[in-house]
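Residues per chain, in single letters:
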Amino acid sequence: QVQLVESGGGLVQAGGSLRLSCEASGRTSSTYAMAWFRAAPDKKREFVAALTWTDGHPTYSDSLEGRFAISRDIAKNTLYLQMNSLKPEDTAVYSCASKFGDYVGYDYWGQGTQVTVSS
């Protein structure tokens, strides 16, 4: 089992920045990849970014236009999402997820952290 706890969300004005954190605990030695997803009100959850845990290779949603950066601290078992030039349409609950292998889908999910961007 893996437990994921997100933090760092909040209210920010358009154009501002936030850094989200996701601390993993439990069976973290088996982590293959971790990712961020978001769910805006009345919309389906969408992929934001992911990285493979061992080499940190990132992938991003094309819609981000280079504004977000995913990273990790292996020693702290923590995943980060640096979000810059935030827009009101980035408002959503952001959740992190992890998985043990190279397959579709994720095994474990956090509760999420709310990000609200005001115009």
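This report concerns the structure included in the present document.

Definitions and limits used
- Along each chain, numbering runs from 1 in the same order as the chain's sequence is written.
- In keeping with the model being predicted, local features are shown solely for residues with a pLDDT of at least 70 and side-chain atom pairs are shown and tallied solely at 80 or more, while totals for entire chains, interfaces and linings include all residues.
- Processing note: side-chain calculations cover all non-hydrogen atoms of the structure and skip hydrogens and water entirely.
- When a carboxyl oxygen of Asp or Glu lies within 4 Å of a side-chain nitrogen of Lys or Arg, that pair is called a salt bridge.
- Here's how the labels work: a residue is buried when its accessible area is under 20% of the maximum for its type, exposed when over 50%, partly exposed in between, all with a 1.4 Å probe on protein chains only.
- By the criteria applied, helices consist of DSSP H or I runs no shorter than four residues and strands consist of E runs no shorter than two, each listed in order from the N terminus.
- Two cysteine sulfur atoms form a disulfide, by the criterion used here, when they sit within 2.5 Å.
- Planes of paired rings set the category: under 30 degrees apart is stacked, over 60 is edge-to-face and the rest tilted, where pairs are Phe, Tyr or Trp rings (Trp by its six-membered ring) whose centres lie within 6.5 Å.
- Two thresholds decide whether a charge sits over a ring: the Lys NZ or Arg CZ must be within 6 Å of the ring centre and within 35 degrees of the ring normal.

Here we take up the pattern of salt bridges. Inspection of the entire model under this criterion finds four salt bridges. With its nearest N and O atoms 2.6 Å apart, the salt bridge here joins Glu46 to Arg38. According to the relative accessible area criterion, Glu46 is partly exposed, its value standing at 33%. Classification of Arg38 by relative accessible area gives buried; the value is 9%.

In the Ramachandran plot, Asn77 falls in the positive-phi region, its phi being about 50° despite a non-glycine side chain. Within the secondary structure layout, Asn77 lies in the loop between β7 (68-73) and β8 (78-83). Taking the relative accessible area as the measure of exposure, Asn77 reaches 24% and is therefore partly exposed. In this structure, Ser85 takes a positive phi of about 50° despite not being glycine. Note that Ser85 resides in the loop between β8 and β9 (92-99). Taking relative accessible area as the criterion, Ser85 reaches 42% and is therefore assigned partly exposed.

Counted by the stated rule, this structure contains one disulfide. Two residues share a disulfide in this structure: Cys22 and Cys96, whose sulfurs sit 1.9 Å from each other. A torsion of 55° about the S-S bond marks the disulfide between Cys22 and Cys96 as right-handed. Taken together, the residues Cys22 in strand β3 (residues 18-26) and Cys96 in strand β9 connect sequence positions 74 residues apart. Of the two residues, Cys22 and Cys96, both sit in the buried class.

Tallied over the entire structure, the rule returns five aromatic pairs. Note on Phe37 and Phe47: the rings are 5.7 Å apart at their centroids and 75° apart in plane angle, and the pair reads as edge-to-face. With Phe37 in strand β4 (residues 33-39) and Phe47 in strand β5 (residues 46-52), this pair connects stretches of sequence that are 10 residues apart. The class of Phe37 is buried, set by a relative accessible area of 12%. Every member of this aromatic cluster is reached through a ring pair, and the members are Phe37, Phe47, Tyr106 and Trp109. In this structure, Arg27 packs its charged tip against the face of Phe100, placed 4.3 Å from the ring centre. Positioned above the aromatic ring of Tyr106, the side-chain terminus of Lys99 is 4.7 Å from the ring centre.

Note that all results are geometric; they support no functional claim without further evidence.
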